There are 2 protein chains.
Amino acid sequence: MTELEGAILTLLYMEGAMTSYGVRRAFLDSPSSFWSASAGAIYPALRRLEEAGLLIATDASRGNRPAKSLRLSESGKASMLEWVKNVSTAIGPGFDPFRLRAPVWIKLEPEERKALKAELETGVVERIRAIDALDPGHPDALRHALERVQQETRLEWIRKTL
Amino acid sequence: MTELEGAILTLLYMEGAMTSYGVRRAFLDSPSSFWSASAGAIYPALRRLEEAGLLIATDASRGNRPAKSLRLSESGKASMLEWVKNVSTAIGPGFDPFRLRAPVWIKLEPEERKALKAELETGVVERIRAIDALDPGHPDALRHALERVQQETRLEWIRKTL
DNA sequence: CAGAGCATGTAAAGTGTTACATGATTTA
DNA sequence: TAAATCATGTAACACTTTACATGCTCTG
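Nothing here was measured: the structure is a model prediction, and the numbers come from that model.

The subject of this paragraph is the sheet that holds strand β2 (residues 55-59) of chain A. Residue and element names in this part refer to chain A. If you walk across this open sheet you meet the three strands as β1-β3-β2, and the pairing is antiparallel. Both outer strands of the open sheet, β1 (18-19) and β2, are each paired with one neighbouring strand and no more. Bridge count for β2 against strand β3 (residues 68-72) is five bridges, and the pairing is antiparallel. The residue bridging Leu55 from the neighbouring strand is Leu72, located in β3.

This is the structure in structure tokens:
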């Protein structure tokens, strides 16, 4: 199971049934650049999950517009739970573009480094403000809170170390 | 430029010239599950970078064993610097398998949640100890330090929230 | 009622993974 | 000297991105 497939299953578990485009929109709304949410990734993944019996589709056309509502099957729920409970994958460091670039920042010429430091600080502060402006009742509120901690950690590192 | 290509360029910038396998071994040693470091990803990426003129290869065969030494060209260094200084990409949240799974953990049955909490706590504590055991003179020491902060943040969240 | 955006996809090309292959060198 | 592992790849398959296509529905 890819991370995208796992993420789709958790989305349907957390938020209940939705259409294919609803799934796609949820990824489009995600701030992470990791999720491009391109149609060519989402729709084939949904088809794979449906063919594997993890998702059940029921017709939900409204008027002339065709649509299908997707929900987790029992085996889909079981697969999702197995996936989320895999500790070694869950605690891996994942992918952090900030951590990947930081060692090079340290080696920049002083004036270039200072300029970049200011840009990074502004960007992170803005991002924290944007998170604070989000609806605390949003289904992704917990993820936003976790991203906020990450951004605060970065801000502290920028100020103290860069 | 993909993140893998950018990471290869930063590696050669930080550590100087090395062979193809040296590049691959650096990714194999990385703790992040994001870098599979499969030969089928690394070697084609190196070929692309060389064809684009960002890397220069010189023969470095030893005895009967063929090998080439790879180093950054001037345009390779310029591309790498442009890549690391892209602020909006650098401050994106990236991909965090922990954050992706956390909302589901919260919804588990109490006894299941408690068991998982213990497993996660043990795993993260072990990972922190493993980082502490690493050589502080390692070229990736800064990245290790940043991962350590991430793991400490997770540990605190596990203890306080999960 | 025309244009913007909603909703659902497909096709080609690029990238990554898994598995295999080959010969060189080190180590027990 | 046999086995392990170093070092360098390739091939088939899977997945993602980019670009395109199609018709519907709302809004000014």
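All names here are of chain B. Tallying each qualifying case throughout the model produces 15 aromatic pairs over all chains. With 6.5 Å between their ring centres and 45° between their planes, Trp105 and Trp157 make a pair best called tilted. Of the two residues, Trp105 sits in helix α6 (residues 97-106) while Trp157 sits in helix α8 (residues 141-160), which places them 52 residues apart along the sequence. Here Trp105 and Trp157 have matching classes, each one buried.

With that settled, consider the interface of chain A and chain B. Listed by partner, the interface residues are 50 residues for chain A and 50 residues for chain B. Counting the surface chain A buries against chain B, the share from its top three residues, Ile91, Phe95 and Arg101 of chain A, is 14%. Joining chain A to chain B, the criterion identifies four salt bridges. Between Glu112 of chain A and Lys85 of chain B there is a salt bridge, with the nearest N and O atoms lying 2.5 Å from each other. The tally of links from chain A across to chain B stands at 26 residue pairs in polar contact (both at pLDDT 80 or more).

Calculation notes
- Residues numbered from 1 in each chain as written.
- Chains lettered and ligands numbered in written order.
- Predicted model: local features only at pLDDT ≥ 70, side-chain atom pairs only at ≥ 80, totals over all residues.
- Heavy atoms only, no water.
- Pairing = 2+ DSSP bridges.
- Helix = DSSP H or I, 4+ residues; strand = E, 2+ residues; numbered from the N terminus.
- Phe/Tyr/Trp six-rings, centres within 6.5 Å; stacked < 30°, edge-to-face > 60°.
- Buried < 20%, exposed > 50% of the residue type's maximum accessible area, 1.4 Å probe, protein only.
- Contact = heavy atoms within 4.5 Å.
- Buried area = accessible area lost by both parts, 1.4 Å probe.
- Salt bridge = Lys/Arg side-chain N within 4 Å of Asp/Glu carboxyl O.
- Polar contact = N/O pair within 3.5 Å; in protein donor to acceptor, adjacent residues only side chain to side chain.

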